[in-house]
Amino acid sequence: MTESPATEPANGKVCQRVKNGLKPERNGLVKSLHHRCHEPQPEHHCHPEEEEEVLAASRHGGGLYKRPFVESFEETPMLVAVLTYMGYGILTIFGYLRDFLRHWKIERCHIAREKEEQRDFVPLYQDFENFYTRNLYMRIRDNWNRPICSVPGAKMDLMERASPDYNWTFEYTGRVVHDVINLGSYNYLGFAENTGPCAESAAEVTMKYGVGVASTRQETGNLDRHEEMEKLVAKFLGVESAMAFGMGFATNSMNIPALAGKGCLILSDELNHASLVLGARLSGSTIRVFKHNNMQSLEKLLREAIVHGQPRTHRPWKKILIVVEGIYSMEGSIVRLPEVIALKKRYRAYLYLDEAHSIGALGPRGRGVVDYFGLDPCDVDVMMGTFTKSFGAAGGYIAGKKELIEYLRSHSHSAVYATSMSPPVVEQIITSMKCIMGEDGTTLGCERVRQLAENTVYFRRRLREMGFIIYGNNDSPVVPMMVYMPAKIGAFGREMLKRNIGVVVVGFPATPIIESRARFCISAAHTKDILDRALSVIGEVGDLLQLKYSRRRIQPSLARPFDDNVYEDIDD
């Protein structure tokens with residue numbers, strides 16, 4: 001590929017790339033794979049060990065992006081894919097054998113099943129659907145639901161447990177495992193703590209207001225602290241108004257049905273969170289799914305929606321709503337927001353942006369993916385986020401124009417029927433948000449945002465240097481490391497815990513069957529010594545389990561092979 005003048009860095013150096021043989025774009029949205037380094041420090045983005053990184057293409061040679069956008073999704077090695085399928089095949093065969101033994105009472109069955117006297121009833125338990133739980137999940141169940149007995153900070157304490165019946169039940173030994181390095185919690189800015197200004201303010205408010213409100217916002221549960229929090233959230237995001245909800249999941253699942261209904265079309269990213277999927281289904285709208293972060297796929301659906309209209313009647317859609325996330329929590333990728341906004345404006349659709357993982361964790365001011373790309377918040381019609389991660393609290397918010405928020409106050413089930421947020425939780429949000437904004441008179445918030453960004457880049461770079469396959473964007477604090485094989489899911493989690501490192505492992509059906517992974521969440525609370533210790537242990541366990549699969553064959557997320565069958569219709 002040759003460099004055009006528009007793609008050369010300011011100092012004349014060029015980022016090296018590899019050809020990938022992917023199909024060219026078909027709709028002209030992004031006409032080339034020309035890339036550029038905009039920053040005056042190209043050595044950071046054109047690191048020798050990252051010369052195979054592929055910078056995301058942007059329209060008109062970088063007109064939509066004000067900064068380099070680096071994402072990598074390395075191809076799964078063929079041998080690893082074959083062995084992974086074989087592993088699941090062997091587990092399935094043994095699963096059927098064990099079910100046969102359970103049927104004839106040779107082996108005891110612990111799983112819930114129908115009573116003999118209710119065999120003629122409609123089944124309460126789907127036996128076939130529970131096959132995976134019985135025979136695969138139970139083998140590695142000890143890697144999940146581990147109880148902690150401390151603050152989920154950079155380090156935490158775990159309650160030790162043992163299973164006498166191969167993970168069907170657990171018994172606590174009474175021993176506490178102290179100072180386990182925490183690489184699993186969403187404590188991005190380190191505000192989940194029991195000391196400091198946030199904890200002190202929450203304690204003071206608890207003494208004044210108590211813990212519970214015992215009413216909804218529309219009745220007698222609307223406190224002055226709720227009003228202050230919502231004004232602060234709107235100011236933080238740079239929008240007209242905002243409203244808060246007591247549960248992040250319900251913020252999506254209960255508000256999307258208030259925004260869309262029959263005769264509306266929802267275009268949803270294939271990797272959207274379950275709360276977004278549930279909200280879309282509850283709305284009764286027609287749902288079409290586009291390939292993850294693929295702008296060609298999204299534009300194809302938008303064009304077809306405009307041209308063909310609704311099924312059968314071909315009337316124009318009442319509303320077209322594009323639903324995306326800021327950071328995708330299983331892929332570690334960041335939404336191509338500049339391109340999504342460009343498409344939204346071109347086709348006059350609405351945009352719903354879920355910033356559950358990106359708010360506080362991205363952008364020079366910690367204002368999320370909009371701040372990260374330097375965009376106007378007014379270009380996003382519905383801004384959603386949660387307080388459960390970067391702010392160390394609970395709940396979620398919807399923000400946007402004043403008319404939108406006033407409409408949701410009277411039409412959202414979550415606003416009308418849900419109990420108000422607990423006062424100490426509200427105070428935690430207010431104090432942490434003021435800290436990020438610098439309104440507490442300190443620079444602590446800015447320092448944490450900067451520290452998170454530095455930790456993220458350092459951790460990702462070191463893992464790649466060690467030979468692991470890492471997914472996602474270079475700036476994403478969610479770091480998926482590919483494990484692939486089912487037997488290695490449990491083995492990795494157990495071996496890491498033996499070495500006092502707490503990690504999250506994820507497998508099918510939460511991920512594709514051959515893409516099981518460990519997911520690390522980086523925090524500003526992690527010091528360099530903690531990260532170096534964790535990296536040393538990850539390298540040791542990686543050698544033990546042979547997890548260093550990387551051959552540095554990076555597939556750019558922008559131009560994944562295009563498939564005409566990219567969506568499925570869910571008609572009302």
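Residue numbering note: each chain is counted from 1, following its sequence as written. Local features in this predicted model are restricted to residues whose pLDDT is 70 or higher, and side-chain atom pairs enter the listing and the counts only when it is 80 or higher, whereas totals over whole chains, interfaces and linings include all residues. Values reported for side chains reflect all heavy atoms of the structure, with hydrogen atoms and water molecules removed beforehand.

How should I be thinking about the environment of Ser 253 in this particular structure?
Within the secondary structure, Ser 253 sits in helix α7 (residues 248-259). For Ser 253, a relative accessible area of 4% translates into the label buried. Linking Ser 253 and Leu 282, residues 29 residues apart in sequence, is a C-alpha distance of 7.6 Å. In this description a helix means any DSSP run of H or I spanning at least four residues, a strand means any run of E spanning at least two, and both kinds are numbered starting from the N terminus. Note on classification: 1.4 Å probe, protein chains only; a residue is buried when its accessible area is under 20% of the maximum for its type, exposed when over 50%, partly exposed between these limits.

Would you mind going over the confidence of the model for the protein chain with me for this structure?
A low pLDDT means the predicted coordinates there should not be read in detail. Averaged over all residues, the pLDDT of the protein chain is 86; the fraction at 70 or higher stands at 84%. Confidence of the predictor at the level of single residues is captured by pLDDT, which takes values from 0 to 100. The contact definition used throughout considers only heavy atoms, calling two residues in contact when any of these lie within 4.5 Å. Across residues 1-62 the pLDDT falls below 50, and counting only partners more than four positions away or on other chains, this stretch makes 116 contacts in the model. Under a pLDDT of 50 for its full length, residues 553-572 has, in the predicted model, 71 contacts with residues more than four places off or in other chains.

I'm lost on the sheet that holds strand β5 (residues 264-269) in this one. Help?
Hydrogen bonds along the backbone pair up the strands of a sheet, which may run parallel or antiparallel. What makes two strands pair is DSSP finding at least two bridges between them. As summarised here, the arrangement of the seven strands in space is β4-β10-β9-β8-β7-β5-β6, forming an open sheet in which the pairing is mixed. Two strands in the sheet have a free side with no partner beyond their single neighbour: β4 (241-245) and β6 (286-290). Between one strand and the next, the sheet's axes are offset by a mean angle of 20°, whatever the strand orientation. Axis definition: a line fitted to C-alpha atoms, over the contacting stretch in the case of helices. Angles run 0 to 180 degrees between N-to-C directions. Docked against the sheet, helix α12 (residues 402-411) engages β4, β9 (382-386) and β10 (396-400), running at close to 135° with respect to β10.

Hey, could you run me through the packing of helix α5 (residues 197-209) against helix α14 (residues 423-437) in this one?
Between two packed helices, both the angle of their axes relative to each other and the distance between the axes serve to describe the pair. Packing of α5 against α14 leaves a shortest axis separation of 8 Å and a crossing angle of 145°. Judged by the sense of rotation from one axis to the other, the crossing of α5 with α14 is right-handed. Touching Pro 197, Cys 198, Ala 199, Ser 201, Ala 202, Val 205, Thr 206 and Tyr 209 of α5 are Pro 423, Pro 424, Glu 427, Gln 428, Thr 431 and Ser 432, all from α14. As a working rule, the residues Ala, Val, Leu, Ile, Met, Phe, Trp, Tyr, Cys and Pro are called nonpolar, Asp, Glu, Lys and Arg charged, and the rest polar, with Gly in that last group. Considered class by class, the residues forming the contact of α5 with α14 number eight nonpolar, five polar and one charged. Two helices crossing with the near one rotated counterclockwise from the far one by less than a right angle form a left-handed crossing, whereas a clockwise rotation gives a right-handed crossing.

What exactly am I supposed to notice about α12 here?
Structurally, the α-helix is built with 3.6 residues per turn, so residues lying three or four positions apart point the same way. Listing the buried residues of α12 in full gives Leu 404, Ile 405 and Leu 408. One side of α12 carries all its buried residues, which in axial view fall inside an arc of 95°. Looking at α12, the residues exposed on the side facing more than 90 degrees away from the buried face are Lys 402 and Glu 403. Here the buried face of α12 lies against β4, α7, β9, β10 and α13 (413-417). To be clear, the arc concerns the directions from the helix axis to the C-beta atoms.

Please clarify how the nonpolar core should be interpreted in this entry.
Within soluble globular proteins, side chains that are nonpolar generally end up buried alongside one another. Counting residues in hydrophobic clusters, the biggest one holds 108 residues, and the most contacted among them are Phe 492 and Phe 520. The element best represented in this core is helix α17 (residues 528-545), accounting for eight residues. In contact with Phe 520, other than residues within four places in its own chain, are Leu 183, Phe 459, Leu 463, Pro 477, Val 478, Val 479, Met 481, Phe 492, Val 503 and Ile 538. The set of buried Ala, Val, Leu, Ile, Met, Phe, Trp, Tyr and Cys residues whose side-chain atoms join them within 4.5 Å is what this entry labels a nonpolar core. If you look at the next biggest cluster of nonpolar residues, it comprises 22 residues, including Ala 258, Leu 259, Met 384 and Leu 404.

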